[in-house]
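# Architecture and fold: a report
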Amino acid sequence: MKKIIRMIISSAMVTCLLCSCTKDNAAVDNEAAEEKPREVTLILDPNAGAAGTEENAEQVKPEESQPDDESGETAEGDGNASDSPEGTAAEDGDGDEGTVSEPSAEADSGESEATVIDGLTVSTVSLTDSMTYASFSAIRTGSATLYKNPDPARGKYVVCVNAGHGTSGGQSVKTQCHPDGSPKVTGGTTGAGATTAVAVSSGMTFGDGKSEASVTLAQALILKEMLLSKGYSVLMIRETDDVQLDNVARTVLANEYADCHIALHWDSSESDKGAFYCSVPDVASYRAMEPVASTWQKSHALGDSIIAGLKGQGIKIMSGGSMAIDLTQTSYSSIPSIDLELGDKASDHSERRLR
Ligand SMILES: [Zn+2]
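Being a predicted model, the structure only gives us computed values, none of them experimental.

### Thoughts on the overall build of the protein chain
Within the protein chain, the secondary structure is distributed over 10 helices and 12 strands. By residue count, 49% of the 355 residues in the protein chain fall in the buried class. Expressed as a percentage of contacts within the protein chain between residues at least 6 apart in sequence, the contacts between residues at least 24 apart total 85%.

Structure follows, in structure tokens:
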């Protein structure tokens, strides 16, 4: 899995460098949605126990605790982080400098050096009505976390890491498939022809009972650490079991704050068919619809690059490396954006492999 993560990192960066993104300006324009940036020193300990446990996530990012209360979903507020439950602020340090460290597993004496990042700023970011496509979101009270890396060369590139699934109540709410209201051109979780789809599906369950959502979370936390240790900035959509952000909201935040968007998933088939990404269907009307029209080729470049890299590292790849699926994510993405399926129900998803 380290190979996979490394290839994602290098491939994502190639695309970011190519796509002439202007997200810095966007982030500045939306400062109001970014709450209380605080500066921390992050210590990434490669000898730590399994990343992806909530314990790890909370130590890196004590800011966020998503509300379970679904009553918040109907709120028409601006989604600012002030919606967060009380009690989290006390842990934030209110912008004070601090040291945030990954827990070290029983002093596994130094297989490798910990990476220390001084001056990392951490802030929660939420939807505001002014963000493009925000009005299409139905579950939007949660917030994501933006880790701004001070690295002078790479820190300006923000990778959105989106751990697929993990939105309580997401299955019982629907959102519009396409911003122009047109019907889906392929099947997926929702069939072709539908104009609305499940806001966030619950994902599949592996044979051993592990949920896809828990595995994508573990992967996302590992990817975050590796990106930060390489100097990049990261937008984490979800770092706990639940975030009240549907697929539209996740995409809107990625569009606003990141340069590329990688959603992590495992497919529901049971053949260990290999990794692939979801490409944009070759349907003229769909590819002509904005923001798909302006984005799909860059998304394919990102997906192709990651898949080629994985293949080169000996990772099993599904024939062709991609599958054309009309997804909410790519239908609303204005930055290079892919749904990456890293395997399926029958693939090895053990902690050892994730690490
Ligand atoms: Zn999935």
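### Some thoughts on the environment of Ala 346
Relative to the helices and strands, Ala 346 resides in the loop between strand 12 (337–344) and helix 10 (351–354). Using a count of 15 C-beta atoms within 10 Å as the deciding quantity, one classes Ala 346 as partly exposed. Residues Ala 346 and Ser 268, spaced 78 residues apart in sequence, show a C-alpha to C-alpha distance of 8.8 Å.

### Section: the confidence of the model for the protein chain
Considering every residue of the protein chain, the mean pLDDT works out to 79; 70% of them sit at 70 or more. Segment residues 49–98: pLDDT under 50, and 101 contacts once partners within four positions in sequence are set aside and those in other chains are kept. In this model, residues 102–110 is a region of pLDDT below 50 whose contacts with residues beyond four sequence positions or in other chains number 20 contacts.

### Examining the environment of Gln 297
Position of Gln 297 among the secondary structure elements: in helix 8 (residues 292–312). Assessed through the 13 C-beta atoms surrounding it within 10 Å, Gln 297 is described here as partly exposed. Along the primary structure Gln 297 and Ser 337 are separated by 40 residues, whereas in three dimensions their C-alpha atoms are 10.0 Å apart.

### Regarding helix 6 (residues 247–257)
The element helix 6 is extensively covered by neighbouring structure, given that 11 of its 11 residues are classed as buried. Asn 247, Val 248, Ala 249, Arg 250, Thr 251, Val 252, Leu 253, Ala 254, Asn 255, Glu 256 and Tyr 257 are the residues of helix 6 that are buried.

### Quick notes on helix 5 (residues 212–229)
Each turn of an α-helix holds 3.6 residues, which means side chains three or four residues apart point in the same direction. Compared with an ideal rise of 1.5 Å per residue, which puts 18 residues at 26 Å, helix 5 spans 26 Å between its outermost C-alpha atoms and is within 8% of the ideal. Among the 18 residues that make up helix 5, 17 are buried, leaving the element largely enclosed by the rest of the structure. Phi turns positive, to about 105°, at Gly 231, one or two residues after helix 5.

### Focus: unusual backbone geometry
Across the junction of Glu 290 and Pro 291, the peptide omega takes the value 5°, indicating a cis bond. Examined against the element boundaries, Pro 291 turns out to sit in the loop between helix 7 (284–288) and helix 8. The residue Tyr 133 is not glycine, and still its phi comes out positive at about 75°. By secondary structure assignment, the location of Tyr 133 is in the loop between strand 3 (115–125) and strand 4 (144–148).

### Overview of the nonpolar core
If you look at the biggest cluster of nonpolar residues, it comprises 69 residues, and the most contacted ones within it are Val 159, Cys 160, Val 234, Leu 235, Ile 237 and Leu 253. No other element matches helix 5, which puts 11 residues into this core. Those residues in contact with Leu 253 that sit more than four places away from it in its chain are Val 125, Leu 127, Ala 144, Leu 235 and Ile 237. Formed by 5 residues, the second largest nonpolar core is a distinct cluster that contains Val 185, Val 280, Tyr 286 and Val 292.

### Considerations on the pairing of strand 10 (residues 275–279)
Most of strand 10 is tucked away, with 5 of its 5 residues classed as buried. Judged from the 4 bridges that link them, strand 10 and strand 11 (residues 317–324) form a sheet pairing that is parallel. Each residue of the ladder has a partner; that of Ser 279, found in strand 11, is Ala 324. Here 2 bridges tie strand 10 to strand 12, and the two strands are oriented antiparallel to one another. If you follow Phe 276 over to strand 12, its bridge partner there is Glu 341.

### Let's talk about the environment of Asp 267
Mapping Asp 267 onto the fold places it in strand 9 (residues 260–267). Overall, the presence of 23 C-beta atoms within 10 Å leaves Asp 267 in the buried class. With 62 residues separating them along the chain, Asp 267 and Thr 205 place their C-alpha atoms 9.8 Å apart. Once you skip the residues sitting within four places of it in the chain, Asp 267 turns out to touch Glu 341 and Asp 344.

What counts and what doesn't
- Residues numbered from 1 in each chain as written.
- Predicted model: local features only at pLDDT ≥ 70, side-chain atom pairs only at ≥ 80, totals over all residues.
- Helix = DSSP H or I, 4+ residues; strand = E, 2+ residues; numbered from the N terminus.
- Buried ≥ 20, exposed ≤ 12 C-beta atoms within 10 Å, placed from the backbone.
- Contact = placed C-beta atoms within 7 Å.
- pLDDT = per-residue confidence, 0-100.
- Expected span 1.5 Å × (residues − 1).
- Core = buried A, V, L, I, M, F, W, Y, C linked by C-beta atoms within 7 Å.
- Pairing = 2+ DSSP bridges.

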